[in-house]
Amino acid sequence: MERAVSLTRQWPRVQYTLYGRLIQRCSDRGLSRQAKQLHARLILCSTTADNFLASKLIAAYSKTHQLSYARQVFDQIPRKNIFAYNALLIAYSAHKHHSEVLKLFGSLFSRWDDDYCDLADVKPDSFTLSCVLKAMAEVALDEVLPARMIHCYVIKGGLDSDVFVGNGLVTYYSRCGDVVSARALFDEMPVRDSVSWNSMISGYSQGGFYEECKDLYKRMLDLEDVRPDALTALSALQACAQSADLVFGMTAHQYVIDNGIEMDLSLCNSIVGVYAKCGSLDYAKELFEEMGEKDEITYGTMISGYMVHGFVDEAMEMFRQQRNPKLSSWNAVLSGVVQNNRHDKVLDLFREMLVLGYKPNSMTLSSILPAIPVVSHLKGGKEIHAYAIKNNLDRNIYVVTALIDTYAKLGYLSGAQGVFNLTKDRNVIVWTTIISAYANHGDANVALSLFDEMLFSKTKPDAITFTAVLSACAHAGLVDKAYAIFDSLLPTYRIQPLDNHYTCVVACLCRAGKLLEAEKFIKEMPVEPSAQVWGALLSGASEFGLIQLAEFVCYNHLFELEPENPTNYIVMANLYSQAGRWEEAENVRALLVKRGSKKVAGSSRVETSGGFTKTGSLRTHEYSL
C-alpha cells in the first residue's frame, strides 16, 4: 500500500478512478496515514475532491474516527450531490452523532447558506432517510409530526417499499409512543425482515403494550423465513416480566435454549428478571449464581425482585454481597425499603450512602422523599431539598413532585407552593400534585383556582387530576361544582369516570348532608359500586347518625365486599353504642373477632436533641438522620 501511494507522485495528472480505489482500500484496512497522504496529494495537485473522491475520503476518515477531517472534506465540495451527503450522514450515524445527522439533513432544505446545494440538485434517498429516522429515534423527539412529514415524502418519492426506510419509521413511531401508526405501517410493509419484527415487538414492549408484544412474538414463531433472535427474546422477556407472565416467560426462555441463541449479559439479566418479578425467586437466584458475568443491572434485578415480594432481608443480603455497589443498586434498595414501609431504615441507608462518598441522583431523592412525611421529619425534607438545589436536581420533574408532596403531607403548604412557583416546566403530574396538596388540606378554593390555571396553561388534565379536584369539592361540600366537573369527564376530556371519581361525588353529597341523593347517585351508577363508594356513604351515615342507612350499606354490601376490613365493623358498632343498642353493638364486635380482624397499634415519633424517638405500646426505637 505504501508503494502504491508513493507511485501517485509520478502520475502527471489525477486519475480519479485509481485514487478512488486506493482511498477505498485505506478505508477498508483502516489506514489513516496513507489516506491522509492521498488527500494531501490531491491538495498539492490543486485538485478539489469531487463527490466521488470526497465520499471515499469521508468514509476513510470515519473509519479512523476523524470526523472533523471528514467534515472539512465535505465542506470543500463545490457542488454536493446526495452521495456526498449520505457519506457524511452515515459517518455521523455510525459514531452516534445523531444531532449532527439532523443538522446536516436540515441543511438540505436551507435557503440561506450558499455553500449548500439547492433541493433541485439533491434528492434524499433511502440511505438518507434511514440515517435521519435512526437519529430521530435516538434523540427521542417527543413529536410524531417530523416522522409524518418524512413519511409523506417517502410515499411521494416511491420509497415506501424500501425495508430500511420502513424499519426506521416503525422504530420512530414506536419511540414516540404512537404504536398504532407503527403497527399500521408494519402491517403494510411489502417486505419485513428481522429488524422490522424486532422494531415492532420492541416498540410494544417498551411502550407498555405487553399483550400485543407477546402476541406478535407468537406470530413470528410461525414464520419460516424470519426467526426470533436475541433481540426478539429480550423484548418478549421484558414484556413477560412487566406483565408477571411466568408461563410465557418460561416458554421464551426455553426457546432461547433450544435454538442455541447466544445469551449475552442483557439477555441473561432479562431471563433472571422474569423469574424474579414473577416470584420464582429461588430459581432466579439459581440462575443468578450460575452467571459468570454480573453487572449492576443483575444485582438490581434480584434486589428489586426480593423487595417487590416483601423479602427485605434477602434483598439487603444480596445488596451487601457487592463489593462496590453502583448507584443503581443503592436506588433499588432505597426504593424497595420505602415500598415495604421500612421508613426508619431509609434514613440510615441514605446517611450510609453519603458517608461512603456516593452522590445521590434524582432517582435517589425521589425514592427517599416519600419516607420523610411518615417519620414526620420536616427538617430532613428541607435538607434533601437543599441538597437538590445545590446539585441542580431541583428541576427534575420527579424530584419536584416528590418535594411538593412531601411538604404538603408535613403541613408545610407554603414550602410546597414555593417549589411549585419555581418550577417552569409544569406538566400534568406537577399540576396534579399541587392541586392534591391543597385538596387534602381542605382548601377547595385554592385547589379549584389552580385547576383553572392549569386549564388556562393548556395542560390537559388526566383521571388523577380530576380525582384531586373532586376531592377538593368533597372537602368543601361543593355539590354543584362537583356535578359540573364529573359531568364533563367523558364528553369534554374523553375520560371514563373511575371508581375514585364516583367516590368523591358521594363524599361531596354526604358532606353537604344530601345522603338520600348520594344513595340515589350510587344506585344509578352504570357500573357496580365498589367498597370504596359504599364506604363513602357509610362515613356520611356515621356522621349524621343514620343507623338504618348504615345497616343497609354494611349488611347488604360492605360486609360482603370486604369482610376483613375492621373499619366497617367499628363504625357500625359505634353507631349502635351511641344509640344505646348495646347488644347489637356487641354482636358486630363479635363478628369482627370471628373474622380475625384486629386493630393495628398506633405509635408516635418525638424529635429530641439526639434524633427521633419512636414510641408505642410495646417498644421504643431511636434513630436520626
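Criteria and thresholds
Residues numbered from 1 in each chain as written. Predicted model: local features only at pLDDT ≥ 70, side-chain atom pairs only at ≥ 80, totals over all residues. Heavy atoms only, no water. Helix = DSSP H or I, 4+ residues; strand = E, 2+ residues; numbered from the N terminus. Buried < 20%, exposed > 50% of the residue type's maximum accessible area, 1.4 Å probe, protein only. Contact = heavy atoms within 4.5 Å. Core = buried A, V, L, I, M, F, W, Y, C linked by side-chain atoms within 4.5 Å. Axes fitted to C-alpha atoms, helices over the stretch in contact; angles between N-to-C directions. Parallel < 35°, antiparallel > 145°, perpendicular 65-115°, else oblique. Left-handed = near helix turned anticlockwise from the far one by under 90°. Nonpolar A, V, L, I, M, F, W, Y, C, P; charged D, E, K, R; others polar. Salt bridge = Lys/Arg side-chain N within 4 Å of Asp/Glu carboxyl O. Phe/Tyr/Trp six-rings, centres within 6.5 Å; stacked < 30°, edge-to-face > 60°. Lys NZ or Arg CZ within 6 Å of the ring centre and 35° of its normal. Disulfide = S-S within 2.5 Å.

Novice: Please give an account of the overall build of the protein chain that cites residues and values.
Specialist: When helices and strands are counted, the protein chain shows 36 helices and three strands. Expressed as a percentage of its 625 residues, the buried residues of the protein chain come to 47%. Contacts spanning at least 24 positions in sequence make up 59% of the contacts within the protein chain whose residues lie at least 6 apart.

Novice: Which residues make up the nonpolar core, and what are the values?
Specialist: Within the largest apolar cluster, 182 residues are counted, with the highest numbers of intra-cluster contacts made by I435, V506, L537 and M572. Excluding residues that lie within four positions of it along the chain, L537 makes contacts with V506, C510, L515, A518, E519, I522, L549 and V553.

Novice: Before we move on, can you summarise the packing of helix α35 (residues 566-578) against helix α36 (residues 582-594) with the specific residues and values?
Specialist: Two numbers describe a pair of packed helices, the interaxial angle and the distance between the axes. In contact at an axis separation of 7 Å, α35 and α36 are set at 165° when each is read in the N-to-C sense. Of the possible angle classes, the one that applies to α35 and α36 is roughly antiparallel. Relative to α36, the crossing made by α35 is left-handed. Residues P566, Y569, I570, M572, A573, N574, Y576 and S577 of α35 lie in contact with α36, whose contacting residues are W582, E584, A585, V588, R589, L591 and L592. Broken down by class, the residue content of the contact of α35 with α36 amounts to 11 nonpolar, two polar and two charged.

Novice: Account for the pattern of salt bridges, naming residues and giving values.
Specialist: Taken as a whole, this structure holds 14 salt bridges when the rule is applied. The residue R183 makes a salt bridge to D187 at a minimum N-O spacing of 3.0 Å. Placement of both R183 and D187 in helix α11 (residues 179-188) is noted, with a separation of four residues, approximately one turn of the helix. Given the relative accessible area of 42%, D187 is considered partly exposed. Beyond isolated ion pairs, a larger network of salt bridges with shared partners links E211, K214 and D245.

Novice: Tell me about the packing of aromatic side chains, and please be specific about residues and values.
Specialist: Scanning all chains against the criterion turns up 20 aromatic pairs. Consider the rings of F420 and W431, whose centres lie 5.0 Å apart with planes at 70°: the pair is edge-to-face. Placement of the pair is F420 in helix α26 (residues 413-421) and W431 in helix α27 (residues 428-440), with a sequence separation of 11 residues. According to the relative accessible area criterion, F420 is buried, its value standing at 1%. Judged by relative accessible area, which is 3%, W431 ranks as buried. Ring geometry for F451 and F466: centres 5.7 Å apart, planes at 70°, overall edge-to-face. Note that F451 is positioned in helix α28 (residues 444-456) and F466 in helix α29 (residues 463-476), a separation of 15 residues in sequence. A relative accessible area of 6% places F451 in the buried class. Look at F466 and you get buried, because its relative accessible area is 0%. If you follow R192 out to its NZ or CZ, it ends over the ring of F186, 4.6 Å from the centre.

Novice: Describe the side chain of H253, naming the residues involved and giving the relevant values.
Specialist: Within the element layout of this structure, H253 appears in helix α15 (residues 246-258). In this structure, H253 is in contact with L237, I271, Y275, Y283 and L287, ignoring residues within four places of it in sequence.

Novice: So, the state of the cysteines: which residues are in play, and what are the values?
Specialist: Evaluated as defined, the whole model comprises zero disulfides. Distance from the sulfur of C510, which forms no disulfide, to the nearest cysteine sulfur (C508) is 9.3 Å. For C510, a relative accessible area of 2% gives the class buried.

Novice: Explain the packing of helix α7 (residues 98-107) against helix α8 (residues 126-138) to me, and be specific about the residues and the numbers.
Specialist: The N-to-C vectors of α7 and α8 enclose an angle of 130°; their axes lie 9 Å apart at closest approach. With respect to each other, α7 and α8 are oriented oblique. With respect to the hand of their crossing, α7 and α8 are arranged in left-handed fashion. Contacts between α7 and α8 involve H98, V101, L102 and F105 from the former and T128, L129, C131, V132, A135, M136 and E138 from the latter. Of the residues assigned to the contact of α7 with α8, the class counts are eight nonpolar, two polar and one charged.

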